[in-house]
Amino acid sequence: EVMVDYISEEEYYRDMDHISPEDYEILMDVAIANKYPLERLIKIYGVESSYGTDSDMNTGSYQGPFQFSENTGGEVGLVNISANIDDRHDLKKSAQAYIKSVKIKDRRMRNRISNESGNFEWIDSLDPTLKDYLLHQQGGTGVAQLSLAREGYQNYYFGKVRKRIK
């Protein structure tokens, strides 16, 4: 069974116009196996690599269809430099790693917020795709800090950031 988020018919067809049938099948299989909304996975694939068509997606520190660094890829079993394994360019493995990573980062974020304020109002108001994208980009701690700063903890967190950049 495919989990779905509500998206408009226009959004659905816009994504479907850009993704190849082969990539769609791979992502559908991954979404079903991991109980993750297919539309969300496709949208992130589009944002991160232009549905696998971005000519620069395999250059630089962040690579592959879901743009993992060696470090973040290593955290979810996608990369093992000592064993000469780098599966960041494999759509299926990268999609699986993305879902695993987002779930780990979501737990970290929720633990951090629970320990600080317990207020999930802002997090729960986010579009689920945006929340997952922020988790992928900023990590669980980073998204928790955004939420906490919004609540009024900004002096504490911005002070920490200022100390780091001096």
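Presented here is an overview of the structure given in this document. Just so it is clear, the model here is predicted, and its values are computed rather than measured.

## Section: the packing of aromatic side chains
Stage number 1. Taken as a whole and assessed by the stated rule, the structure comprises four aromatic pairs.
Stage number 2. Measuring from ring centre to ring centre gives 5.8 Å for Tyr-45 and Phe-66, while their planes differ by 25°; the resulting arrangement is stacked. One end of the pair, Tyr-45, is in helix H3 (residues 38-49); the other, Phe-66, is in the loop between H3 and helix H4 (70-75), and 21 residues separate them in sequence.
Stage number 3. The exposure class assigned to Phe-66 is buried, which follows from its relative accessible area of 0%.
Stage number 4. Members of the aromatic cluster, connected to one another through ring pairs, are Tyr-36, Tyr-45, Tyr-51, Phe-66 and Tyr-98.
Stage number 5. The ring of Tyr-36 has Arg-40 lying over it, and the distance from NZ or CZ to the ring centre is 5.3 Å.

## Focus on H3
Stage number 1. Taking 1.5 Å per residue as the helical rise, H3 with its 12 residues ought to reach 16 Å, and the 16 Å between its terminal C-alpha atoms agrees with that figure.
Stage number 2. Taken together, the buried positions of H3 are occupied by Leu-38, Glu-39, Arg-40, Leu-41, Ile-42, Lys-43, Ile-44, Tyr-45, Gly-46, Glu-48 and Ser-49.
Stage number 3. A positive backbone phi angle near 50° is found at Ser-50, which sits one or two residues after H3.

## Considering the packing of H3 against helix H5 (residues 91-116)
For any two helices packed against each other, one specifies the inter-axial angle together with the distance between the axes.
Stage number 1. Between H3 and H5, the least distance of the axes is 11 Å, while the angle of their chain directions is 110°. Taken as axis vectors, H3 and H5 run roughly perpendicular relative to one another. Like other packed secondary-structure pairs, H3 and H5 cross with a definite hand, here right-handed. Residues Leu-41, Ile-44 and Tyr-45 of H3 pack against Leu-91, Ala-95, Tyr-98 and Ile-99 of H5.

## Describing the side chain of Arg-88
Stage number 1. With respect to the helices and strands, Arg-88 occurs in the loop between strand E2 (85-86) and H5.
Stage number 2. You can call Arg-88 buried: its relative accessible area is 3%.
Stage number 3. In this structure the side chain of Arg-88 is engaged in a polar contact, spanning 3.0 Å, whose partner is the backbone oxygen of Phe-68.
Stage number 4. Excluding residues within four positions of it along the chain, Arg-88 makes contact with Ser-61, Gln-63, Gly-64, Pro-65, Phe-68, Ser-69, Glu-70, Leu-78, Val-79 and Ser-94.

The rules behind each value
- Residues numbered from 1 in each chain as written.
- Predicted model: local features only at pLDDT ≥ 70, side-chain atom pairs only at ≥ 80, totals over all residues.
- Heavy atoms only, no water.
- Phe/Tyr/Trp six-rings, centres within 6.5 Å; stacked < 30°, edge-to-face > 60°.
- Helix = DSSP H or I, 4+ residues; strand = E, 2+ residues; numbered from the N terminus.
- Buried < 20%, exposed > 50% of the residue type's maximum accessible area, 1.4 Å probe, protein only.
- Lys NZ or Arg CZ within 6 Å of the ring centre and 35° of its normal.
- Expected span 1.5 Å × (residues − 1).
- Axes fitted to C-alpha atoms, helices over the stretch in contact; angles between N-to-C directions.
- Parallel < 35°, antiparallel > 145°, perpendicular 65-115°, else oblique.
- Left-handed = near helix turned anticlockwise from the far one by under 90°.
- Contact = heavy atoms within 4.5 Å.
- Polar contact = N/O pair within 3.5 Å; in protein donor to acceptor, adjacent residues only side chain to side chain.

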